[in-house]
Structure formats: structure tokens, C-alpha cells
Amino acid sequence: MSKDTAETKGQRRRGEILRAAADLSTAEGLESLSLSRIAGEVGLTKPGVAAHFASKEALQLAVVDEAAEAYAGPLEPAYRESEAGLSRLAALAHAWLDHLDGLSYRGGCFFAAAGHDFSGRPGPVRDAVARHTREFLSRLEEQAALAARLGELRPDVEPRALAFTLHALPLEANLRRQLLDEPDAFELARRALSATLARASVGAVEEIPR
């Protein structure tokens, strides 16, 4: 087997491990991940997994980055293809909601599960989860603040509070569908999202991006 072929096979195997680990961690918790547990999940031996990840923490950190990349993919077009300000804020909010609605992870939102799992566990994994979460929140807050400066928001709307709500609605829908078995949770969130943007905007409802 050529070196390039061996490297490609190794990269493919690493990707399979990370995707399986991200999925598993949403249901059982990121803290529950171990080299032996994920080995059983993907049909490898523990040494086989250890060849890619030297420790449990290394595996956890790689899984966080893998999930962040999976989330960024659907959100980047919403950011690039919309006009800065209210249009981009709305596009990001809708893309975030649609992404969580379409997740194939068995436990729903990876970052909701990981954030809960590590909120009281200081260390590199918690820092990585917080960093990726903060990056997306910062984008929402940045566009909300810009929309306010452009006069696109009503004077009584606090940009940071608006961003807070737009981030929270999909997470509430995720909780309701995963924990309360409410099949219409995301449709309810879409209506709430549209109503929130309509109330915050100085324009008519029809002018708000959908």
C-alpha cells in the first residue's frame, strides 16, 4: 500500500471515529467518551483508537473541533450571502435553527449537551466548548449591534438581548424535542423567531429576511 493511500485511509478512519464520538457524546455525554467506549462503537480495538488519539482528553478536544466544523458549514453561507446588519442577523438565526432541526446526532445539539456536561468542569475541554459557543454568539451580537447602528432596530431593543433570544430559541426547541418529545418544537421556534425579529425591526414584517 502506498504512503498516500495509507495516509488517506488513516484520515478517513479518524473522521469516522470523530463523527461516531460526536454522535455518541450527545446521548451519553462528552465526559463518558473513552478510547475503549468509542472503539466498541466503531468496531476497533482500543489500541486502534489510541493510534489516532493519545488520551481521552485528546479525543474529547478533537470531537469538539469536529462538531464545530459540522456546525460552521451550514452557517457560513448564511453569513457570506447576506447583507451585514439585520439581514445577516436574521439569516444566521434561521440557519442556526434549521441546522439544529436537521441534526442527525441521536441526542440533538452537540454544544447544548457538551455545555451542560462541562459547565462545572474547568479545563481544556470546557474552554474549547466555551470558545466555539462564544464565537457564534459574538457573530449574532455583532450583527445585532450593527443593525442598531444602521437604524434597523427599534430604539427600545437592546442588541445583546436580541442576540440572546435568537440563540436561545433553537436551544429551547432542541430541549423540547429531545426531552419532552414535542414533534412541533422547531416549527414553534420558527414562529417565535419570526415574531421576535418582527417586533425588533423598524420595518414591516415582509421586509424581514426569512
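In this report, we go over the structure that sits alongside the text. Small disclaimer: the values here were computed from a predicted structure and weren't measured.

### Notes on the layout of surface pockets
Reasoning step 1: Considered as a void within the structure, the largest pocket measures approximately 470 Å³ in volume.
Reasoning step 2: Looking at the largest pocket, it is lined by 22 residues, and the ones nearest its centre are Phe111, Val129, His132, Thr133 and Phe136.
Reasoning step 3: Going through the elements one at a time, helix H4 (56-80), helix H6 (110-118), helix H7 (124-149) and helix H8 (159-180) are the ones with two or more residues in the lining of the largest pocket.
Reasoning step 4: A total of eight residues in the lining of the largest pocket trace back to one element, the largest contributor, which is H7.
Reasoning step 5: Considering only enclosed or pocket space, the second largest pocket measures out at about 240 Å³ in volume.

### Some remarks on the pattern of salt bridges
Reasoning step 1: Counting across every chain of the model gives 15 salt bridges.
Reasoning step 2: As a salt-bridge pair, glutamate 41 and arginine 106 come within 2.8 Å of each other at their nearest N and O atoms. Of this pair, glutamate 41 sits in helix H2 (residues 35-42) while arginine 106 sits in the loop between helix H5 (86-101) and H6, and the two are 65 residues apart along the sequence.
Reasoning step 3: Two residues, aspartate 101 and arginine 177, come together in a salt bridge whose shortest N-O distance is 2.8 Å. Placement of the pair is aspartate 101 in helix H5 and arginine 177 in helix H8, with a sequence separation of 76 residues.
Reasoning step 4: What makes aspartate 101 partly exposed here is its relative accessible area of 24%.

### Comments concerning the packing of aromatic side chains
Reasoning step 1: Summed over the entire model, instances satisfying the criterion amount to five aromatic pairs.
Reasoning step 2: A centroid spacing of 5.1 Å and a plane angle of 50° characterise the contact between tryptophan 96 and phenylalanine 136, whose relative ring orientation is tilted. Here tryptophan 96, found in helix H5, pairs with phenylalanine 136, found in helix H7; they are 40 residues apart in sequence, far enough to count as distant. Considered together, tryptophan 96 and phenylalanine 136 belong to a single accessibility category, that of buried residues.
Reasoning step 3: Ring centres of phenylalanine 110 and phenylalanine 111 lie 5.1 Å apart, and the angle between their planes is 80°; this geometry places the pair in the edge-to-face category.
Reasoning step 4: Through a chain of ring-to-ring contacts, three or more aromatic side chains come together here, namely Tyr71, Trp96, Tyr105, Phe110, Phe111 and Phe136.

### Considering the environment of serine 138
Reasoning step 1: Mapped onto the fold, serine 138 is located in helix H7.
Reasoning step 2: Assessed through its relative accessible area of 36%, serine 138 is described here as partly exposed.
Reasoning step 3: For the pair serine 138 and alanine 54, spaced 84 residues apart in the sequence, the C-alpha separation amounts to 32 Å.

About the thresholds
Residues numbered from 1 in each chain as written. Predicted model: local features only at pLDDT ≥ 70, side-chain atom pairs only at ≥ 80, totals over all residues. Heavy atoms only, no water. 1 Å grid on protein atoms, 1.4 Å probe; cavity = no way out; pocket = protein on both sides within 12 Å on 5 of 7 lines; lining within 4 Å. Points joined across faces, edges and corners; volume = space filled by probe spheres on them. Helix = DSSP H or I, 4+ residues; strand = E, 2+ residues; numbered from the N terminus. Salt bridge = Lys/Arg side-chain N within 4 Å of Asp/Glu carboxyl O. Buried < 20%, exposed > 50% of the residue type's maximum accessible area, 1.4 Å probe, protein only. Phe/Tyr/Trp six-rings, centres within 6.5 Å; stacked < 30°, edge-to-face > 60°.

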